[in-house]
Amino acid sequence: MTLQFVPNIILYFVSVAVAGTLAFITWRIRPARSSTWIALLVFMIIWTIGGILEATLTDLHLKTVAITAVTYLGVGGVIFFWPLFTIIYSNHEHWLNKYTIALLALIPVTNYLIVNTYKWHQFYWTNRYLIEINGAVFFEADHGFWFVIWTIYGYAAIIFGALLLVTSIIRSPRVYQGQALVLILGGLFPLVANFFYFLGINPIAPLDLSPVSFVLSSILITIGILRFRLFDLTPIAHDLVFKGVTSGVLMIDLNDNIIDLNPAAELILNRTKNEIIGKNMFALFPQYQDLIKQIKDLTNTRTEIALGATQSIYEVQIMPLTNRRGQLAGRIVLFYDITEQKRAVAERDKLINELDAYASTVAHDLKNPLNLIVGHANLIKRKNKTTLPAKAKDSLDIIAKTSVQMAQIIDSLLLLANVRHIEDIQTEALDTAVLINNAWGRLANLAEKHQAELILPSEWPAAIGYASWVEEVWSNYLSNAIKYGGTPPQITAGWDIQETHQNGTAHICFWVQDNGDGLSHQETAQLFQQFSRLDQHSKLQGHGLGLSIVKSILEKLGGTFGVESELGQGSTFFFTLPLAPEEITVEVN
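Asker: Whenever I open this one, the pattern of salt bridges confuses me. Can you help?
Answerer: Side-chain pairs of opposite charge can arise whenever the charged atoms involved come near each other. Tallied over the full model, the rule gives four salt bridges. The residue Arg 343 makes a salt bridge to Glu 340 at a minimum N-O spacing of 3.0 Å. Remark: Glu 340 and Arg 343 occur in helix H13 (residues 339-383); sequence separation between them is three residues, near one turn of the helix. Using a relative accessible area of 49% as the deciding quantity, one classes Arg 343 as partly exposed. One salt bridge connects Lys 551 with Glu 555, and the closest N-O pair in it is separated by 3.1 Å. Separated by four residues within a single helix, Lys 551 and Glu 555 lie in helix H19 (residues 546-557), roughly one turn from each other. A relative accessible area of 29% places Lys 551 in the partly exposed class. Look at the salt bridges and you will find they share partners, linking Arg 442, Glu 471 and Glu 472 into a network.

In structure tokens:
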């Protein structure tokens, strides 16, 4: 076997090295949907290796084997995978199924079989021979009818792929058109190279320029992969998502010109795409000058506006649009229709207000009869102290006790409604010692019944709040500690100064600790909800409003609340309030 050296063959070796490097880089990065591109690179390498073998071998038979077995394997793979790659890139994957893929493979596979069975027919070559140029021998042939078919199909496949990419650049917003342009240039290299080859314009003649041109195109496309991230967000995939979302989307450049919008935005703004694209926001929508200034001055904000004849309400979100260097390139404006949501909220608030007003009226109307029931029950007991049977006295006691409990429930409901509706509260520095003593005094009978013991610190700091509400918080916490504490309940109350918050205000954490059974994590999650009572405490009297009142009060006062508990280790309920500007320390009597 004799070999020859052709100077231009160095381009083929360089092409193999470049294509191999690009395939390796792409494989290492593994961008989404890049398998067809890697396959293209591999078949480019095979095509080029076939060209190297054809150029260096001197025997006609060996040259023919190199062409039929290697070169046309690479050519067929490239012609098959190029349209496949462009179909996937342009997001027309719905075209692909086992039938269309088989159709794309039909001509390349048939061509490979025909050229490898050339000995038995003259479909591809009618005659094969060697020609000598500058002391080197090269393969030459007279072609049959199948060569014409294959050539037409090959050009058609390349043009088809290029047209798909042209449509992508037309349909893509400007921010993605650089991606499609890279691909179009990459697709045109082989087409132009083959065209020049058949016109006899070939700088590396008599070698085929096609494999080199495909490698040049692969350099461009790989640059697109690395620089534009072609496979991570394809323009047409973007186009489908862009058109499919029901919210309005506007893309605006730094000069306040609209560069793209989706169909939903056309409906919202009552303007067609042709009327808006390229126009300035200030000129198009002079009635929304304030909103446009927000869009211009801010990079990330939300606001609400009413648009259209129906005055539909939209939440407008403005977000920055940056280039690959992280520099501001424009803004995206999103329009979310929240009309129904606003109406639902308004209806809900109206219903809540009506229910609260009704509950308040009913509660006041109920308290008077209850007071009369309690008063008459006590009056009957007092006037008939000696004549009433024991059972009658017990019944009167139950009537009075139950009526008092009902009155307490009504008071709690009124307090909850009152807290929820009052917007402006005049807060002040609180005498915590007085508040906790008042709360404990209200619970004197309950504490005596359970033989509860309360341990307090020697002094208390002054917090900012509303006295009657904070006293109610203490009353609820202490009441729970008595009811759910140990036997007898041992209750400890205290405080800690927390670190200064972001607004520069220090907070006090007040806490009440009991020696009860403790709570599980599931049970602590149920607390602070209206009418929520735990199963393990269902035997105890209560209406489940206490901690929800605590929650409402502290939310209004800008404080926090919570519980720390472990089964078998008791519970610690806490709440926080701002520390008074000039800390006042009050000694406990």
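We are not done yet, so read on.
Asker: I would appreciate a short explanation of the packing of aromatic side chains in the present structure.
Answerer: Working definition: an aromatic ring pair is given by the centre-to-centre distance plus the angle between the planes. Applying the stated criterion across every chain yields a total of 18 aromatic pairs. One aromatic cluster is present, built from ring pairs that chain together Tyr 72, Tyr 118, Tyr 124, Trp 125, Phe 139 and Phe 147.

Asker: When you look at helix H4 (residues 98-116) in this model, what are you seeing that I'm missing?
Answerer: Owing to its 3.6 residues per turn, the α-helix brings residues three or four apart onto one side. Taking 1.5 Å of rise per residue, 19 residues should cover 27 Å, and H4 covers 26 Å from first to last C-alpha, within 8% of that figure. Taken together, the buried positions of H4 are occupied by Leu 104, Ile 107, Pro 108, Asn 111, Ile 114 and Val 115. By the N-cap criterion, in which a side-chain oxygen at the helix start approaches the backbone nitrogen of a residue two or three places on, H4 is capped by Asn 97, the distance to Tyr 99 being 2.8 Å.

Asker: What am I meant to see in the pairing of strand S15 (residues 571-578) here?
Answerer: The buried fraction of S15 is high, at eight of eight residues. On S15, burial covers both faces: Ser 571, Phe 573, Phe 575 and Leu 577 on one face and Thr 572, Phe 574, Thr 576 and Pro 578 on the other are all buried. The sheet contact formed by strand S13 (residues 507-513) and S15 spans seven bridges and is antiparallel. The residue of S15 that forms the bridge with Trp 511 is Phe 574.

Asker: What is the right way to read the environment of Thr 86 from this model?
Answerer: Within the element layout of this structure, Thr 86 appears in helix H3 (residues 60-89). A residue is classified by how much of its surface remains accessible, and Thr 86, at 0% relative accessible area, is buried. Between the C-alpha atom of Thr 86 and that of Ala 162, which follows or precedes it by 76 residues, the distance is 7.8 Å. Discounting residues that sit within four places of it in the chain, Thr 86 has contacts with Gly 161, Leu 164 and Leu 165.

Asker: What exactly am I supposed to notice about the packing of helix H2 (residues 35-56) against H3 here?
Answerer: In a packed pair of helices, the relevant descriptors are the angle between the two axes and the axis-to-axis distance. One way to put it is that H2 packs onto H3 with a least axis distance of 8 Å and a crossing angle of 160 degrees. Regarding the angle of H2 to H3, the classification is roughly antiparallel. Here H2 and H3 pass one another in a crossing that is left-handed. Class assignment for the residues of the contact of H2 with H3 results in 21 nonpolar, six polar and two charged.

Asker: Explain the sheet that holds strand S12 (residues 490-497) to me, please; I cannot follow it from the model alone.
Answerer: One open sheet accounts for five strands, arranged S9-S12-S13-S15-S14; its pairing is mixed. Strands at the two margins of the open sheet, each flanked by one partner only, are strand S9 (453-455) and strand S14 (560-565). When the angles between neighbouring strand axes are averaged without regard to direction, this sheet yields 20 degrees. Judged from the six bridges that link them, S12 and S13 form a sheet pairing that is antiparallel.

The rules we used
- Residues numbered from 1 in each chain as written.
- Predicted model: local features only at pLDDT ≥ 70, side-chain atom pairs only at ≥ 80, totals over all residues.
- Heavy atoms only, no water.
- Salt bridge = Lys/Arg side-chain N within 4 Å of Asp/Glu carboxyl O.
- Helix = DSSP H or I, 4+ residues; strand = E, 2+ residues; numbered from the N terminus.
- Buried < 20%, exposed > 50% of the residue type's maximum accessible area, 1.4 Å probe, protein only.
- Phe/Tyr/Trp six-rings, centres within 6.5 Å; stacked < 30°, edge-to-face > 60°.
- Expected span 1.5 Å × (residues − 1).
- Polar contact = N/O pair within 3.5 Å; in protein donor to acceptor, adjacent residues only side chain to side chain.
- Pairing = 2+ DSSP bridges.
- Contact = heavy atoms within 4.5 Å.
- Axes fitted to C-alpha atoms, helices over the stretch in contact; angles between N-to-C directions.
- Parallel < 35°, antiparallel > 145°, perpendicular 65-115°, else oblique.
- Left-handed = near helix turned anticlockwise from the far one by under 90°.
- Nonpolar A, V, L, I, M, F, W, Y, C, P; charged D, E, K, R; others polar.

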